[in-house]
Amino acid sequence: MSDLLNRLQETVAFIKTKVNVQAKVGVILGSGLGNLTEEVAVEVSIPYAEIPHFPTSTVKGHSGKLLFGKVGSTPVVVMGGRFHYYEGYSAEQVVYPVRVLRLLGIETLLLSNAAGGVNPDFEVGDLMIINDHISFFTENPLRGKNEETLGTRFPDMSEPYDKILIAKAHAIAKAHKIKVHEGVYTAVTGPTFETRAEYKLIKILGGDVVGMSTVQEAIAAVHCGLKVFGISVITDIGIREDENVITHEEVLQAAKAAEPKLATLFKNLIQTL
Ligand code: HPA
């Protein structure tokens, strides 16, 4: 058995000693979006630090707990805080929890993030459903020996984000009068925000938003057969030519302000699963 599979099985075995609900849906919450956990009737909470082989979260705005519970009648497992490549974790470590959730039996993964707006139609506080991504600026998490029990060596990426989930999210947004865009998420490593020239380049390449997370997780999720839904909260406008200084505090504040809309969307989407 490969070292990766060995570790995954140890992690999963540990979690199974603490939890006996079978979650169908996994949720990974982005920067400043951790309060979404209030929508979850939590049954078991496991600090990352206690989970064998799990990395530990170091970023402000991330709580670092794996939460098992229900949203409505749907059993979920929520990662309050994710691991970012810019923190120094390897790409394999960043996606490790996704694989754990898969081996715990989830079928669908919902991802949220704070992102910089590149599409000129976007405003701070808007939501964008991710319908595709550009991963070329980041390391592919599948680099290295392929673990065949998880998925194939050369996975198709023609449709990483599930069309049915996207359609459902649009219907929910419409019913709740929540403005949503749809577009392409461009992944960068961070931790620097982009230069003006970089934002301009991303726009030319076809990116609608840019951010430092999500895509490695989405790739690993598709690799191991999960259905993926991703959504970005626009926390700053990257393509603005003037006054283009961006701070982490501003990002967290904008995420917090938009969080209720995201909570409504996720809560209702989960209940359809
Ligand atoms: N760029 C990259 N990552 C981000 C941004 C941004 O402008 N805003 C929030 N995360």
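Remember, it's a predicted structure, so these values are computed and weren't measured experimentally. (Residues numbered from 1 in each chain as written. Predicted model: local features only at pLDDT ≥ 70, side-chain atom pairs only at ≥ 80, totals over all residues. Heavy atoms only, no water.)

Draft legend 1. Molecular detail of helix H5 (residues 215–223). Among the nine residues in H5, eight count as buried, and that is most of the element. Buried within H5 are the following residues: Val215, Gln216, Glu217, Ala218, Ile219, Ala220, Ala221 and His223. Looking one or two places after H5, you find Gly225, whose phi comes out positive at around 90°. (Buried < 20%, exposed > 50% of the residue type's maximum accessible area, 1.4 Å probe, protein only. Helix = DSSP H or I, 4+ residues; strand = E, 2+ residues; numbered from the N terminus.)

Draft legend 2. Focus on the nonpolar core. Counting 78 residues, the largest nonpolar core has Ile15, Leu66, Leu109, Phe229 and Phe266 as its most contacted members. Sort the elements by how many residues they give to this core and helix H6 (residues 248–270) lands first, with eight residues. Setting aside residues up to four positions removed in sequence, Leu109 forms contacts with Gly26, Val27, Ile28, Val98, Leu101, Ala221, Leu226, Lys227, Val228 and Phe229. In terms of nonpolar packing, the next biggest core, distinct from the first, is built from nine residues, Ala114, Val210, Met212 and Ile246 among them. (Core = buried A, V, L, I, M, F, W, Y, C linked by side-chain atoms within 4.5 Å. Contact = heavy atoms within 4.5 Å.)

Draft legend 3. Structural view of the site of the ligand. Every residue close to the ligand is listed here: Ala114, Ala115, Gly116, Phe193, Glu194, Tyr199, Val210, Gly211, Met212, Thr235, Asp236 and Val251. At a separation of 2.6 Å, a nitrogen atom of the ligand approaches a polar side-chain atom of Glu194. One of the side-chain nitrogen or oxygen atoms of Tyr199 is found 2.7 Å away from an oxygen atom of the ligand. Coverage of the ligand by the protein amounts to 96% of the 260 Å² it exposes when considered alone. (Near = heavy atom within 4 Å. Polar contact = N/O pair within 3.5 Å; in protein donor to acceptor, adjacent residues only side chain to side chain. Areas by Shrake-Rupley, 256 points an atom, 1.4 Å probe, with all protein chains shown as cover.)

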